[in-house]
Amino acid sequence: MRTGFKREAGQQGKVILTGPYSLDATYNGVRLAEDFDLQLVVPGDYPASLPTVRETSGVIDPGYEHLYLNGTFCLGVRGELLLAQLENPSLVALLDGPIRSYLYSYLFRKRYGNYPFGDRAHGVRGILRYYEELFGEADFPTIMKLLGAVCFENYRGHLPCPCGSGLIARKCHGETILKLKKSGATEAFSSDFTTIACELTYLQQSAVKREQALRQTLISLPGKYRASNID
Amino acid sequence: MNEIEINNILSKGANLLDITPSMFEEATSHYKAVGEFLGNHGIDADISPCGSILTGTVVRPYSENEDAYFDIDVLVNRPGFDSANNTPGEVRDPVDETLLKSDRYGNMAKEYDECITVEYVANGIEGGFRLDLNTCIDDKTCKTRQEYADSSVSMAWRNPERWHGSNPRGLCQWFIDKNERFAAVERAQRKARILKENRSLYASIEDVPDSLDRSEMQRAVQVLKRSRDEFYHRCGKSEKAPASCVVTVIIGKVSDHLPNNTKAIEFLESFIQCARSLAAARSLPNPVYDEDLLQEWDDESFALLTLWAEEIDRSLGNLRCGARAKGGAAAEAIFGSKIGKRAMPVTAAAVVPSVVTPLKPWSM
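Draft legend 1. Here's a closer look at the overall build of chain B. Looking only at helices and strands, one finds 13 helices and eight strands in chain B. A globule of 364 residues ought to have a C-alpha radius of gyration of about 21 Å, and chain B, at 22 Å, matches this closely. Dimensions of chain B along its principal axes, counting C-alpha atoms only, are 65 × 50 × 50 Å. Scored against the burial criterion, the 364 residues of chain B give a buried share of 54%. Partitioning the contacts of chain B with sequence separation of at least 6, the portion at a separation of at least 24 is 66%. Between the averaged position of the 43 positive side-chain charges in chain B and that of its 56 negative side-chain charges there is a distance of 6 Å.

Draft legend 2. Examining the nonpolar core more closely. In this structure, Leu103 and Tyr104 of chain A are the most contacted members of the largest nonpolar core, which totals 118 residues. Membership of the second largest hydrophobic core comes to 33 residues, among which are Val34, Ile194, Val208 and Leu212 of chain B.

Draft legend 3. Focus on empty space enclosed by the protein. Counted by the stated rule, this structure contains one cavity of 30 Å³ or more. By volume, the largest cavity is sized at about 80 Å³. Arg111 of chain A together with Asn318, Ala329, Ala330 and Ala333 of chain B are, among the 13 residues lining the largest cavity, the residues nearest its centre. Secondary-structure elements contributing two or more residues to the lining of the largest cavity are strand S3 (30-42) and helix H2 (91-112) of chain A together with helix H10 (299-321) and helix H11 (324-335) of chain B. Class assignment for the residues of the lining of the largest cavity results in six nonpolar, two polar and five charged.

Draft legend 4. Highlighting the pairing of strand S7 (residues 162-166) of chain B. Residues and elements named next belong to chain B. Strand direction decides the pairing type here: strand S6 (residues 153-157) and S7, joined by five bridges, are antiparallel. Across the sheet, the residue bridging to alanine 156 is tryptophan 163, located in S7. Linkage of S6 to S7, two consecutive antiparallel strands, is achieved through a turn of four residues, within which asparagine 159 is found at a positive phi near 50°.

Draft legend 5. Geometry of the pattern of salt bridges. The tally for this structure, following the rule as stated, stands at 34 salt bridges over all chains. The salt bridge partner of glutamate 332 of chain B is arginine 31 of chain A, with a shortest N-O separation of 3.2 Å. Residue glutamate 332 of chain B is found in helix H11, and its partner arginine 31 of chain A is found in strand S3; the two belong to separate chains. Overall, glutamate 332 of chain B belongs to the buried group, its relative accessible area being 1%. Note on arginine 31 of chain A: relative accessible area 3%, which makes it buried. The shortest N-O distance in the salt bridge between glutamate 132 of chain A and arginine 129 of chain A comes to 3.2 Å. Of this pair, glutamate 132 of chain A and arginine 129 of chain A both sit in helix H3 (residues 123-135), three residues apart, which is roughly one turn of that helix. One network of salt bridges, in which partners are shared, links Arg92, Asp93, Asp96, Glu111 and Arg158 of chain B.

Draft legend 6. Structural detail: a negative patch on the surface. Taken together, the side chains of Asp44, Asp46, Asp138 and Asp150 of chain B present a region of like negative charge at the surface. Along the chain, the position of aspartate 46 of chain B falls in strand S1 (residues 46-50).

Draft legend 7. Layout of the packing of aromatic side chains. Tallying each qualifying case throughout the model produces 19 aromatic pairs over all chains. Seen in terms of ring centroids, tyrosine 131 of chain A and phenylalanine 189 of chain A are 6.1 Å apart; in terms of plane orientation they differ by 80°. Their pairing is edge-to-face. With a gap of 58 residues between them, tyrosine 131 of chain A in helix H3 and phenylalanine 189 of chain A in helix H6 (residues 186-219) connect regions that are remote in the sequence. Take tyrosine 131 of chain A and phenylalanine 189 of chain A: they sit in the same class, and that class is buried. Aromatic ring contacts, followed pair by pair, group Tyr27, Tyr104, Phe108, Tyr112 and Phe117 of chain A together with Phe231, Tyr232, Phe271 and Trp308 of chain B into a single cluster.

Draft legend 8. Expanded view of a nonpolar patch on the surface. All names here are of chain A. Together, Leu200, Tyr202 and Leu203 line one region of the surface with nonpolar side chains, adding up to about 300 Å² of accessible area. When you line up the elements, leucine 203 lands in helix H6. The exposure class assigned to leucine 203 is partly exposed, which follows from its relative accessible area of 43%.

Draft legend 9. A look at the packing of helix H1 (residues 3-17) of chain B against H10 of chain B. Residues and elements named next belong to chain B. Close contact between H1 and H10 brings their axes to 9 Å; oriented N to C, the two are set at 125°. When the axes of H1 and H10 are compared, the pair comes out oblique. In the crossing of H1 with H10, the sense of the turn from one axis to the other is right-handed. For the pair formed by H1 and H10, the contact residues are Glu3, Ile6 and Ile9 on the first element and Leu316, Leu319 and Arg320 on the second. Counted by class, the contact of H1 with H10 contains four nonpolar, no polar and two charged residues.

Draft legend 10. Seen up close, the side chain of threonine 26 of chain A. Residue and element names in this part refer to chain A. Within the element layout of this structure, threonine 26 appears in strand S2 (residues 15-27). Judged by its relative accessible area of 17%, threonine 26 is buried. Polar contacts involving the side chain of threonine 26 include one to the main-chain carbonyl oxygen of valine 30, which spans 3.5 Å.

Draft legend 11. Examining the interface of chain B and chain A more closely. Each partner contributes to the interface: chain B provides 27 residues, whereas chain A provides 42 residues. Between the two partners, chain B and chain A, sit ten residue pairs in polar contact (both at pLDDT 80 or more). Secondary structure elements with two or more residues in the side of chain B that touches chain A: helix H7 (216-235), H10, H11 and strand S8 (354-355) of chain B. With six residues, the single largest contributor to the side of chain B that touches chain A is H11 of chain B. Partitioning the side of chain B that touches chain A into residue classes produces 14 nonpolar, six polar and seven charged. Where S2 of chain A and S8 of chain B come together, two bridges link them in parallel fashion. Bridged to alanine 25 of chain A within S8 of chain B is serine 354 of chain B.

Draft legend 12. Broad picture of unusual backbone geometry. Residue tyrosine 46 of chain A is joined to proline 47 of chain A through a cis peptide bond whose omega torsion reads 10°. Residue position: proline 47 of chain A is located in the loop between S3 and strand S4 (52-55). For glutamate 186 of chain B, which is not glycine, the phi dihedral falls at a positive 60°. Structurally, glutamate 186 of chain B can be placed in the loop between helix H5 (168-183) and helix H6 (187-197). Judged by relative accessible area, glutamate 186 of chain B falls into the partly exposed class, the value being 46%.

What counts and how
Residues numbered from 1 in each chain as written. Chains lettered and ligands numbered in written order. Predicted model: local features only at pLDDT ≥ 70, side-chain atom pairs only at ≥ 80, totals over all residues. Heavy atoms only, no water. Helix = DSSP H or I, 4+ residues; strand = E, 2+ residues; numbered from the N terminus. Rg over C-alpha atoms; globule rule 2.2 N^0.38 Å. Buried < 20%, exposed > 50% of the residue type's maximum accessible area, 1.4 Å probe, protein only. Contact = heavy atoms within 4.5 Å. Lys, Arg positive; Asp, Glu negative; His and termini not counted. Charge placed at Lys NZ, Arg CZ, Asp CG, Glu CD. Core = buried A, V, L, I, M, F, W, Y, C linked by side-chain atoms within 4.5 Å. 1 Å grid on protein atoms, 1.4 Å probe; cavity = no way out; pocket = protein on both sides within 12 Å on 5 of 7 lines; lining within 4 Å. Points joined across faces, edges and corners; volume = space filled by probe spheres on them. Nonpolar A, V, L, I, M, F, W, Y, C, P; charged D, E, K, R; others polar. Pairing = 2+ DSSP bridges. Salt bridge = Lys/Arg side-chain N within 4 Å of Asp/Glu carboxyl O. Patch = residues over 30% accessible without salt bridge, like charges linked within 9 Å, V, L, I, M, F, W, Y side chains within 5 Å. Areas by Shrake-Rupley, 256 points an atom, 1.4 Å probe, with all protein chains shown as cover. Phe/Tyr/Trp six-rings, centres within 6.5 Å; stacked < 30°, edge-to-face > 60°. Axes fitted to C-alpha atoms, helices over the stretch in contact; angles between N-to-C directions. Parallel < 35°, antiparallel > 145°, perpendicular 65-115°, else oblique. Left-handed = near helix turned anticlockwise from the far one by under 90°. Polar contact = N/O pair within 3.5 Å; in protein donor to acceptor, adjacent residues only side chain to side chain.

Pasting the structure below:
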C-alpha cells in the first residue's frame, strides 16, 4: 500500500514525499506485514540521480547494518538501481521493487535472525558480484578494468578490449561498455568504482602492514629459528 | 478481532492439522495389527499408544508437502523381562527381526537406534502414517516419580546397546489428568459435532472416543507445536526447536493457575509468560521422571525460545489489531502459509500479499 503520501518542496529543486507504507508481502511462503512511515527525497535531476529513502516511524533499528550513516536505506548497488530507474523512471516501481524488498528483508532478519534471499554477498563483494554478472567476468581485476573503461575512458571499438582478451573491444565487451556509457548512469557506476577501489586499497594496505609486521617478528627471532631466505 | 474470533481461528487451524477420525481409527487398527502379528509369531508384547496420539495433541508433521506422514508413537512392552537380568538386545532383537524379515512388514519397516518404524503409504487424500515402535520393559527401578511408577519403563536402545529409563505413558497420564477439567467443559457438544461429521464411523455419542475430543488446552498444544515448527523453520534452526514434550509440560504446568473455561488463546498467553521466565530459570523438571527437560539446551536454545514467545505475542497482537494484512500474516506465522490462509475468515483471506522480488546484493 502506498497511498497518502504528502509532497513538499525541498532545497535545490528536491521534492520531499512523506507518508505511510503498509508492507504486506510474501516470499517463499513467508508472509510479513508491518506499517512504516517513509520519507523519500527525490533529487532535482530525477531520474538522472537516485532518490534517498528513510523510515521515520522508528520501526527500523538505527543500528541496522544496511542503513547509511545518515539513516537512509542502502537499497542496493547504485549502478543497478540507477539503470533500472532510467529504464523505468517511476517512484511506484521504486516502492514496489527495491523498497518493498528492503523492508521485507529487514523484518525477516529482525524476527528470524537471517536474510530471506539466501546467502547473497554484502558490501563490496556484493557490488563486485553485480558487475561480475553484468560483464560476464569472474576475475575482479578484469571487472575493475571494464568498469573503469565505462566510467573514465572514451570508447573506441577498434582498440583492444580493456579486459585484456586481445580482441578488439567491438568483438569483446564493447557492446556492454557502450550500453552502460550511454545509460546515463555513469555517475552511479563511478560511485561503485570508487567504493570498490577504496576497499581494495584498504585491503592492500592492511596486507602490506601485516606482511611487514610478520617480517619484523621473524627477523627478531634468534638465528637458529630463522629461515635462510627471510632477509 | 475480538478474543472469540481469534480463538475460532486458532481452533480451526489446529483442527485442520489434526488427525481425522477415520485416520485415527486406521492408525489404531494398524498398531493393533502389529501386536497381533507379533503374537502370532510367538512374541509376547503389549502394544499401546503414547505421545501425542494419547494426549490428543497430534498434528500433521511440518512439511512442504500436503501428504506429510503422521508419526504415531507406540510402546511394545515385553512382559517377563527385567533390566537386571536381560540385555536390551534380548528383548528387542526378536521384535525387529520378526518385522524386518516378514513379507507383511519387511518392506515397510526400518530400524533406528531408538525404535523400529513401520511406514504406511498415503491412502487417498489424507496422508500416511509412520508407527514408531519403541520396544521396552516395565521397570519400576527407574528414576520416576512414585505416583507414576506403574507406567515407568526402560527402552531397549541400540548403538550402543543400552537401557534407557523413561516414562512416556506417565507423562501422557499427567497431561491427561491436567486436561480433564478443561475437557469436561462442553465435551458433549464437541462430541456431538464429531458424531454429526462422522456418521459412517460412529452410531452414537458414546461411540466417539474421548481421544478424538479436543479441549481448549489440547488445541493450545497443537497450535504451539505448529507455531514452533514454522518459527524455527523460518529461523533456519529446526534442529533447535523444543521437543513436543517440553511444550506439553509447559502447558500442563501453566494450566494449574487457569480456570476450567480457559480458551486456547489464554493458554498461549500463559505459555508466552512461562517461556520468557524459562529463559531465566533455565530448568524445566519432567513432572513424572527425575530429569530436567532442558538440560541439553545451550544459550542459543534459550534465546530462540524467547524469540519464539515474542513471535506468538506479536501474532496474537496483530490478530487483535484487526488489520487484514497483519492478521493474515499473523495466522500464517502461527500455522504456515497454507493452513494459515484456510484458518482465517474468508473476507480476511481475500487480501492477497504482494510477492517480493528480491533485489540483487546490498551496497555498502
